[in-house]
Amino acid sequence: MIKFLIKKSFFDGWDNVLQMLVWNTVCMGLVALYLFISSRFGNGEIGGFFFFTVIFLFVFCTFCMGLSGNAYDWARYKNSWGRNFIAALKNHVMHIIVFYLVSVFLSACIMILIPFYFHGKSYIGVFLGTMLFWIVLFLTVSMQYYLPLCHITHDGPLTVMKKCFALVLDNKLYSLFVSVKTVFDFMLSALSFFLFPGISFICLTHADSVKLLLLRYDWAREHCVRTKDVNVEEMLEEEKQNIGPRSLKGLFFPWKDMKNGR
């Protein structure tokens, strides 16, 4: 399933590369604005810098929710330029708030609390810092599934978070791979100032990863087997047909490889 995730996310991204570049350009503008304004704060203005960062996080989390709405369409082979962006914001206000609060907590832990505990070099400080590190790691991995699940389920924010935790605990290796891929894509994006592959591709990867996970659970329920006994090849048969045969010509002219109904 991991191998197919790489293939699906790549071709889904290629089929929507122009849309992704447009949204990545918007992301570049947000990041540039943040860097420009944050550079105005001196060493003695830590409070102002943190306050501005908290505001920027809210804008960025809101932007990511809208992007995940686009990614939801892309993962389902719908060539959308942003049809689901505004709808995602309107329909998930509480989800945005919870996602934002978790992001603020994670940022505070990484930037302030964990360094503070380890800097003290006391046994209690090291213990608290270590425990906080594992909590942050687990939360970070789990929140990869949060935005895609918001668009698939009609549950409240806390229920969605519980489902994120359950997916991670039940799919540890898969979730670890998604995390490693996310870090790699983020570092690769940083080289181009988030133009390519960019935040759009990261959202698409998360949407594809959740879609495949839920497809696995649906297949297991339909065939009355445990999830670890799922026949992955049979489960992915329809998805492989949707992607279709790919060639070098198809990479540059993806519409030629599209099947009827896509």
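All values derive from a computational prediction rather than experimental measurement.

Things to note about the overall build of the chain
Then step 1. Scanning the chain for helices and strands turns up 13 helices and zero strands.
Then step 2. Ordered by position from the N terminus, the helices and strands of the chain form the series α-α-α-α-α-α-α-α-α-α-α-α-α.
Then step 3. Computed over C-alpha atoms, the radius of gyration of the chain comes to 20 Å, within 12% of the 18 Å expected from 2.2 N^0.38 for 262 residues, which places it in the range of a compact globule.
Then step 4. In terms of principal-axis extent, the alpha carbons of the chain reach across some 60 × 40 × 35 Å.
Then step 5. Expressed as a percentage of its 262 residues, the buried residues of the chain come to 45%.
Then step 6. Here the contacts in the chain between residues at least 6 apart in sequence split such that 67% fall between residues at least 24 apart.
Then step 7. As displayed, the chain has an accessible area near 14400 Å², and 72% of this comes from carbon and sulfur atoms.
Then step 8. For the chain, the distance from the average site of its 24 positive side-chain charges to the average site of its 17 negative ones is 3 Å.

Concerning the pattern of salt bridges
Then step 1. Throughout the structure, instances matching the rule amount to ten salt bridges.
Then step 2. Note that Lys-8 and Asp-208 form a salt bridge whose closest N and O atoms lie 3.5 Å from each other. Pair noted here: Lys-8 is in helix 1 (residues 2-15) and Asp-208 is in helix 10 (residues 198-223), with a separation of 200 residues, a long-range link.
Then step 3. Taking the relative accessible area as the measure of exposure, Lys-8 reaches 0% and is therefore buried.
Then step 4. Here Arg-221 and Asp-218 are joined by a salt bridge, their closest N and O atoms 2.4 Å apart.

As for the confidence of the model for the chain
Then step 1. Taken residue by residue, the chain gives an average pLDDT of 89. The fraction at 70 or more is 92%.
Then step 2. Of all the helices and strands in the chain, helix 13 (residues 248-252) carries the lowest mean pLDDT, 61, while helix 8 (residues 157-170) carries the highest, 96.

Focus on the packing of helix 1 against helix 9 (residues 172-191)
Then step 1. Remark: helix 1 packs on helix 9, axes separated minimally by 11 Å, with the N-to-C direction vectors making an angle of 35°. Two packed elements cross with a definite hand, and for helix 1 against helix 9 that hand is right-handed. Between helix 1, through Ile-2, Leu-5, Ile-6 and Ser-9, and helix 9, the contact on the second element is made entirely by Tyr-174, Phe-177, Val-178 and Lys-181.

Comments concerning the packing of aromatic side chains
Then step 1. A full pass over the atoms with the stated rule returns 13 aromatic pairs.
Then step 2. The interplanar angle of 75° and the centroid separation of 5.2 Å between the aromatic rings of Phe-10 and Phe-11 together place this pair among those described as edge-to-face.
Then step 3. Phe-10 sits in the partly exposed class, given a relative accessible area of 42%.
Then step 4. Each member of the aromatic cluster is reached from another via a ring pair, and the members are Tyr-34, Phe-52, Phe-56 and Phe-60.

Digging into the side chain of Thr-62
Then step 1. Within the secondary structure layout, Thr-62 lies in helix 3 (residues 46-74).
Then step 2. Polar contacts involving the side chain of Thr-62 include one to the main-chain carbonyl oxygen of Phe-58, which spans 2.8 Å.
Then step 3. Here Thr-62 is in contact with Leu-89 and Ile-96, once residues within four sequence places are set aside.

Some remarks on the environment of Leu-158
Then step 1. As for its position among the elements, Leu-158 is in helix 8.
Then step 2. Assessed through its relative accessible area of 61%, Leu-158 is described here as exposed.
Then step 3. Residues Leu-158 and Ile-96, spaced 62 residues apart in sequence, show a C-alpha to C-alpha distance of 12 Å.

Focus on helix 2 (residues 17-38)
Then step 1. End to end, helix 2 covers 31 Å across 22 residues, agreeing with the expected 32 Å (1.5 Å per residue, within 8%).
Then step 2. The complete set of buried residues in helix 2 reads Gln-19, Met-20, Trp-23, Asn-24, Cys-27, Val-31, Tyr-34 and Ser-38. The arc that holds every buried residue of helix 2, seen down its axis, measures 120°, which confines them to one face.

Parameters at a glance
- Residues numbered from 1 in each chain as written.
- Predicted model: local features only at pLDDT ≥ 70, side-chain atom pairs only at ≥ 80, totals over all residues.
- Heavy atoms only, no water.
- Helix = DSSP H or I, 4+ residues; strand = E, 2+ residues; numbered from the N terminus.
- Rg over C-alpha atoms; globule rule 2.2 N^0.38 Å.
- Buried < 20%, exposed > 50% of the residue type's maximum accessible area, 1.4 Å probe, protein only.
- Contact = heavy atoms within 4.5 Å.
- Areas by Shrake-Rupley, 256 points an atom, 1.4 Å probe, with all protein chains shown as cover.
- Lys, Arg positive; Asp, Glu negative; His and termini not counted.
- Charge placed at Lys NZ, Arg CZ, Asp CG, Glu CD.
- Salt bridge = Lys/Arg side-chain N within 4 Å of Asp/Glu carboxyl O.
- pLDDT = per-residue confidence, 0-100.
- Axes fitted to C-alpha atoms, helices over the stretch in contact; angles between N-to-C directions.
- Left-handed = near helix turned anticlockwise from the far one by under 90°.
- Phe/Tyr/Trp six-rings, centres within 6.5 Å; stacked < 30°, edge-to-face > 60°.
- Polar contact = N/O pair within 3.5 Å; in protein donor to acceptor, adjacent residues only side chain to side chain.
- Expected span 1.5 Å × (residues − 1).
- Arc of directions from axis to C-beta.

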